[in-house]
Amino acid sequence: MKRKKRIGLIIALVVIAAVFFGIYKANQPTTMVGSKEYTVTVVDDKGNKKTYEASTDKKYLGAALKELDKNSDEFSIKGTKSEYGTYITTVNGLKADYNKDKAYWSIYVNGKYGQNGVDSQTVKKNDKFRLVYEKGN
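Keep in mind that this is a model prediction, so the values were computed, not measured.

So, how was this worked out
- Residues numbered from 1 in each chain as written.
- Predicted model: local features only at pLDDT ≥ 70, side-chain atom pairs only at ≥ 80, totals over all residues.
- Heavy atoms only, no water.
- Core = buried A, V, L, I, M, F, W, Y, C linked by side-chain atoms within 4.5 Å.
- Buried < 20%, exposed > 50% of the residue type's maximum accessible area, 1.4 Å probe, protein only.
- Helix = DSSP H or I, 4+ residues; strand = E, 2+ residues; numbered from the N terminus.
- Contact = heavy atoms within 4.5 Å.
- Pairing = 2+ DSSP bridges.
- Axes fitted to C-alpha atoms, helices over the stretch in contact; angles between N-to-C directions.

Asker: Is there a simple way to explain the nonpolar core in this structure?
Answerer: One recurring pattern in soluble globular proteins is that nonpolar side chains are buried together. Of all hydrophobic cores here, the largest spans 24 residues; its most connected members are Leu 65, Phe 75, Trp 105 and Leu 131. Of all elements in the fold, only β1 (36-43), β2 (49-56), α2 (61-71), β4 (85-91), β6 (103-109) and β8 (127-135) reach the threshold of two or more residues within this core. When residues no more than four places from it in sequence are discounted, the contact partners of Leu 65 are Tyr 38, Val 40, Phe 75, Ile 77, Val 118 and Leu 131.

This is how it looks when you write it as C-alpha cells:
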C-alpha cells in the first residue's frame with residue numbers, strides 16, 4: 001500500500017510541476033533572437049546618427065526592418081508599396097518627400113551604396129546597413 005501512495009505522490013508532483021512550467025512558458029517575455037546579427041545606422045537630415053544592433057532569421061532587409069520596428073521602442077520605419085517593391089518614406093518619424101524637395105532614404109550595404117531595394121536586399125550575418133536621408137539635385 002505504501003508503494004501505491006508513493007507512486008501517486010510522484011505522479012501528482014510531476015503534474016503540478018508540468019502545470020507550473022506551462023504557466024511560466026506562457027507568461028515569459030518573448031525575445032527575438034535570430035541567427036544573423038546585423039547593424040542598422042540611421043543618418044537623419046542633419047547628419048545625426050543612431051545605430052541599432054539586431055538579429056534576425058528573415059531573408060530580406062525589409063522584413064528584418066519591420067521586425068526591428070515591431071520589437072524596438074526607438075526604431076520605426078514606414079514605406080509605400082509600388083510595382084518595384086517597398087519605397088522607404090519615413091524612418092524614426094522623419095519623412096523624406098521626393099516630390100517636395102527631392103529627399104529620399106538611401107540604403108548602404110557594408111559601406112557601399114545599395115544596388116537593391118529594401119524588399120530584395122538580402123541580410124547576411126554581420127551585415128552593416130545604413131539608412132541615409134539624402135537630397136537629389
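Asker: What am I meant to see in the sheet that holds strand β3 (residues 77-82) here?
Answerer: Either a parallel or an antiparallel arrangement is found when strands of a sheet pair, and the pairing is made through backbone hydrogen bonds. Taken together, three strands build an open sheet; the order of strands is β3-β4-β5 and the sheet is antiparallel. Each end of this open sheet is capped by a strand with a single partner; those strands are β3 and β5 (94-95). Pairing between β3 and β4: six bridges, direction antiparallel. Counted as the bridge partner of Ser 82 is Gly 85 from β4.

Asker: Is there a simple way to explain the sheet that holds β1 in this structure?
Answerer: Spatially, β2-β1-β8-β6-β7 is the arrangement adopted by the five strands of the open sheet, whose pairing is mixed. Either end of the sheet is taken by a strand with one partner, and the two such strands are β2 and β7 (112-113). Those strands touched by α2 are β1, β2, β6 and β8, and its axis lies near 105° from that of β2.

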